[in-house]
Amino acid sequence: MKNYRELANCIRFLSIDAVEKAKSGHPGMPMGMADIATVLFRDFIKFNPKDPEWQFRDRFVLSNGHGSMLLYSILYLTGYKKINLNQIKNFRQFGFKTAGHPEFEPEAGIEITTGPLGQGIANAVGMAISLKNMSSKLKLKFCPKVYVFCGDGCLQEGISQEAISFAGHLNLNNLILIYDNNQISIDGSTDLSFSDNTNKRFESVNWEVISGQGHNYTSIKSSFNKAIKSKKPCLINFKTIIGYGSPSKAASASSHGSPLGTEEIVKTRKKLNWNHSNFEIPPKLLKIWRSSHNKNISFYKSSKKQELKIKVFKSKNNIKKLFPKIKQEAKNFTSDQATRKSSQMIINYLSESELVIGGSADLTGSNLTKGNSMKILDKNNMEGQYIHFGVREHGMAGIMNGISAINFSRVFSGTFLSFADYMKPSIRLAALMKLNPIMVFTHDSIGLGEDGPTHQPIEQINMLRSIPNSNVFRPADLLETALCWEAAISINDGPSFLCLSRQNLPQISNKKIPINNFKGAYIIEQNAIKNNITIVATGSEVSLAIEVSQKLKEKGISSKVVSMPSTSIFEKQSNAFKNNLLKSSNKEIFVIEAGSTMYWNKLTNPENIFGIDEFGLSAPASQVYNYFGLNAKKISTKILKKVE
Ligand SMILES: Cc1ncc(C[n+]2csc(CCOP(=O)(O)OP(=O)(O)O)c2C)c(N)n1
Ligand SMILES: [Mg+2]
């Protein structure tokens, strides 16, 4: 373990200097975790900076993402081309990869975006699941590991408990969580708010727990040696000192999130015996750092040959090729059926592809997310396709991001739409990273009836619509559901949300929807060549809109009804297409959607929108619809008043 102190000081001073130059950032964590990171990258983690996306590499997740300079320093020191010294010198600057918090870019060695505390732990659990799943499906003799750094903050966040509890349940022994136990967070000592017995907490959910000294190389090394042999997921609880090496700021919150300051930096250089100028790494040390991947080069070479297996597996299990059959069946289907049930019919087909992995947060029988042939993924069968996530929506969403980041299988989840809020922080990150998990959200309106306002989503659809890079779907029947699923599967640059009904709905799109050219919206009913008005509706309200249009026709008002199963896809179309679809002779556009009206204001005037801007209520669905004025009689009367 010669040179380790100096190697670790390379991380410390690159971090100190970069934060100082940027005049902002977090030096304390990199200074405190530098020793652990040095041992991990020198002696344990399998990676190859010359082939950053080598599929069988171990993954490194910096859940305490504020310590981003630790990651960038390591990536530069170990030789990732995309993170060169210029990147380090431009930490937090416009156009550089060295952003304030790590931003997903596997090619640069950044495995996941982190910053919102706790997320990285759930992401890592997802990665560990996906790697185990891949390893057993491909019948590999090895399984990559996931190493995660986390701090006090990550472990205080609720999502960490959901994720670690599930990791313990699945016995993810390829997961090693490295805890920066410095007992400091922003407000000061963790004594202010945190008195968990962390080791017991992990032990109680089937983790192996190792305690180590984070500045003692013998202790660090022996801790990792034990951890890699663990038969369970493993926590290494390292006692550390935040801002290690800074004479007046070590062990204090003052080193957490601001530059040390020039005077303190001089003192720190002296204390750590670092006689090099800003950003200077002595060639001798850089050379050692750059050889860090030599330890795994023979494994790299042998496993590299097996990457082809992934390609073969993916082409054998192509998901998209299942859709012609699905759409054909959907076209001929005539019975009334809830769109959640329609979605299950599609999942039954999709699960023919072993790349599809799905699950639900304990609502399998309500969300109808399990395909008939899907085997359960559990600790004895990591090859399975169906994940019982338990009642852990936030954890589920974070785990899906990890699975998506591994980019082996295509993952979907299930819960009620009203609980999308529980998943929002991870959904936002999926969108930010352009990852593509698919979320099945059933019970998508007041149409669920008796369960009442807690379970009746009002503002959720628009909450989802407001997230950039994401795709909202709300189909009206089986064929629309099939097209929405097809679109979601084809999308590779953001999450998709399928909002589905609990209640039965008629099959109405069969002969109207262009099944090979889905543009998010189309005319489903039209009573004249030139129509007086346009009525737009989504999901369960499309059949209501058709009813309204028939009532209006009796009164001499012609209309066209536009079904809009995906506002997101519609928005991506040309202005010519959009204007043409919506235009009517007297330019009036009406909208019907059983949810908050906010989104539709960009399409029409507030008084033309029939929706719900208050919470629902507990009663049979038809009564709730009537109460909110969402029936054909009330709507057509209002429209008549407006256009006559
Ligand atoms: C969800 C979330 N809440 C709050 C923050 C703001 N924040 C960043 S770091 C931090 C303190 C974290 O303490 P710890 O993990 O112990 O980090 P250390 O100071 O030891 O580096 C907080 C509250 C955040 N990044 N994410
Ligand atoms: Mg801390």
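A brief report on the enclosed structure follows. (Residues numbered from 1 in each chain as written. Chains lettered and ligands numbered in written order. Predicted model: local features only at pLDDT ≥ 70, side-chain atom pairs only at ≥ 80, totals over all residues. Heavy atoms only, no water.)

1. Quick look at the sheet that holds strand S1 (residues 59–62)
Then comes step 1: The sheet built from 5 strands is open, its strands ordered S1-S2-S3-S7-S6 with parallel pairing. Edge positions in the sheet fall to S1 and strand S6 (208–213), since each of these pairs with one other strand and no more. Strand after strand, the sheet turns through a mean of 20 degrees between neighbouring axes, direction not considered.
Then comes step 2: Note: strand S2 (residues 146–150) against strand S3 (residues 175–181), 5 bridges, orientation parallel. Within the sheet, the bridge partner assigned to Val148 lies in S3 and is Leu177.
Then comes step 3: Set on the sheet, helix H3 (residues 68–78) makes contact with S1 and S2; between it and S1 the angle comes to about 150 degrees. (Pairing = 2+ DSSP bridges. Helix = DSSP H or I, 4+ residues; strand = E, 2+ residues; numbered from the N terminus. Axes fitted to C-alpha atoms, helices over the stretch in contact; angles between N-to-C directions. Contact = heavy atoms within 4.5 Å.)

2. Things to note about the packing of helix H2 (residues 28–44) against H3
Then comes step 1: Look at H2 against H3: their axes get within 9 Å of each other, and the N-to-C directions meet at 35 degrees. Every pair of crossing elements has a handedness; the one defined by H2 and H3 is right-handed. Here Met29, Pro30, Met33, Ala34, Ala37 and Phe41 of H2 come into contact with H3, specifically with Met69, Leu70 and Ile74.
Then comes step 2: Tallied by class, the residues present in the contact of H2 with H3 amount to 9 nonpolar, no polar and no charged. (Left-handed = near helix turned anticlockwise from the far one by under 90°. Nonpolar A, V, L, I, M, F, W, Y, C, P; charged D, E, K, R; others polar.)

3. Looking at the site of ligand 1
Then comes step 1: Near ligand 1 lie 15 residues; those nearest to it are His66, Gly153, Asn182, Ile184 and His256.
Then comes step 2: In this structure, a nitrogen atom belonging to ligand 1 sits 3.1 Å away from a main-chain N or O atom of Leu117.
Then comes step 3: Here an oxygen atom of ligand 1 sits 2.5 Å away from a polar atom, N or O, in the side chain of His256.
Then comes step 4: Breaking the shell around ligand 1 down by element, the ones donating at least two residues are helix H6 (152–156) and strand S4 (184–185). (Near = heavy atom within 4 Å. Polar contact = N/O pair within 3.5 Å; in protein donor to acceptor, adjacent residues only side chain to side chain.)

4. A look at helix H25 (residues 632–643)
Along an α-helix, residues three or four apart share an orientation, since each turn contains 3.6 residues.
Then comes step 1: With 12 residues, H25 extends 16 Å between its outermost C-alpha atoms, agreeing within 8% with the 16 Å of an ideal straight helix rising 1.5 Å per residue.
Then comes step 2: Listed in full, the buried residues belonging to H25 are Ala632, Ile635, Ser636, Ile639, Leu640 and Val643. Relative to the axis of H25, the buried residues are bounded by an arc of 135 degrees and lie together on one face. In H25, those exposed residues whose orientation departs by more than 90 degrees from the buried face are Lys633, Lys638 and Lys641.
Then comes step 3: On its buried side, H25 packs onto strand S15 (533–537), helix H21 (541–554), strand S17 (588–592) and strand S18 (609–610). (Expected span 1.5 Å × (residues − 1). Buried < 20%, exposed > 50% of the residue type's maximum accessible area, 1.4 Å probe, protein only. Arc of directions from axis to C-beta.)

5. A look at the coordination of the magnesium ion (ligand 2)
Then comes step 1: Binding of the magnesium ion (ligand 2) to the protein goes through Asp152 (OD), Asn182 (OD1) and Ile184 (O), at separations of 2.1 Å.
Then comes step 2: Positions of the donor residues of the magnesium ion (ligand 2), expressed as sequence spacing, correspond to D-x29-N-x1-I. Of this pair, Asp152 sits in helix H6 while Asn182 sits in the loop between S3 and S4; the two residues are 30 residues apart in sequence, bridging distant segments of the chain. (Donors = N, O, S within 2.8 Å, 3.2 Å for Na, K, Ca; no water.)

6. Concerning the layout of surface pockets
Then comes step 1: Within this model, the largest pocket holds a volume of roughly 640 Å³.
Then comes step 2: Lys314, Asn407, Phe408, Asn436 and Asn492 are the residues nearest the centre of the largest pocket, which is lined by 24 residues in total.
Then comes step 3: Looking at the lining of the largest pocket, the element that brings in the most residues is helix H17 (residues 393–406), giving 3 residues.
Then comes step 4: For the lining of the largest pocket, a count of residues per class yields 9 nonpolar, 8 polar and 7 charged.
Then comes step 5: Counting contributing residues per domain, the lining of the largest pocket is built from domain 1 (4–304) and domain 2 (319–499), each supplying no fewer than three. (1 Å grid on protein atoms, 1.4 Å probe; cavity = no way out; pocket = protein on both sides within 12 Å on 5 of 7 lines; lining within 4 Å. Points joined across faces, edges and corners; volume = space filled by probe spheres on them. Domains from an automatic or database assignment.)

7. Some thoughts on the pairing of strand S7 (residues 234–239)
Then comes step 1: For S7, a buried count of 5 out of 6 residues is recorded, marking the element as mostly surrounded by other parts of the structure.
Then comes step 2: Note that S3 and S7 share 6 bridges and pair parallel. Directly across from Tyr179, in S7, lies its bridge partner Asn237.
Then comes step 3: Pairing geometry for S6 and S7, over 6 bridges, is parallel. Paired with Ile210 across the two strands is Ile236, which belongs to S7.
Then comes step 4: What joins S6 to S7 is helix H9 (residues 217–229), and the crossover it makes is right-handed. (Right-handed = clockwise from strand over helix to strand, strands pointing away.)

8. Topic: the packing of aromatic side chains
Then comes step 1: Throughout the structure, instances matching the rule amount to 25 aromatic pairs.
Then comes step 2: Ring geometry for Phe13 versus Trp274: centroids 5.3 Å apart, planes at 5 degrees, classification stacked. Here the residue Phe13 occupies a position in helix H1 (residues 4–22), and Trp274 occupies one in the loop between helix H10 (262–271) and helix H11 (283–290), the gap between them amounting to 261 residues.
Then comes step 3: According to the relative accessible area criterion, Phe13 is buried, its value standing at 1%.
Then comes step 4: The exposure class of Trp274 is buried, given its relative accessible area of 3%.
Then comes step 5: By way of ring pairs, the aromatic residues Phe41, Phe47, Phe60, Tyr80 and Phe149 are connected into one cluster.
Then comes step 6: Note that Arg290 overlies the ring of Tyr76, its terminal NZ or CZ placed 5.2 Å from the centroid.
Then comes step 7: Its end group placed over the ring of Tyr599, Arg465 keeps NZ or CZ at 4.7 Å from the ring centre. (Phe/Tyr/Trp six-rings, centres within 6.5 Å; stacked < 30°, edge-to-face > 60°. Lys NZ or Arg CZ within 6 Å of the ring centre and 35° of its normal.)

9. Points about empty space enclosed by the protein
Then comes step 1: Enumeration according to the criterion identifies 3 cavities of 30 Å³ or more in this entry.
Then comes step 2: Here the largest cavity is characterised by a volume of approximately 110 Å³.
Then comes step 3: As for the largest cavity, its lining consists of 14 residues, of which Phe41, Phe60, Tyr80, Gly109 and Glu111 are closest to the centre.
Then comes step 4: Of all the secondary-structure elements, those providing two or more residues to the lining of the largest cavity are S1 and H3.
Then comes step 5: Volume-wise, the second largest cavity comes out at about 40 Å³.
Then comes step 6: Looking at the second largest cavity, the residues that line it are Phe60, Val61, Leu62, Leu71, Pro102, Ile110, Glu111, Ile112 and Thr114.

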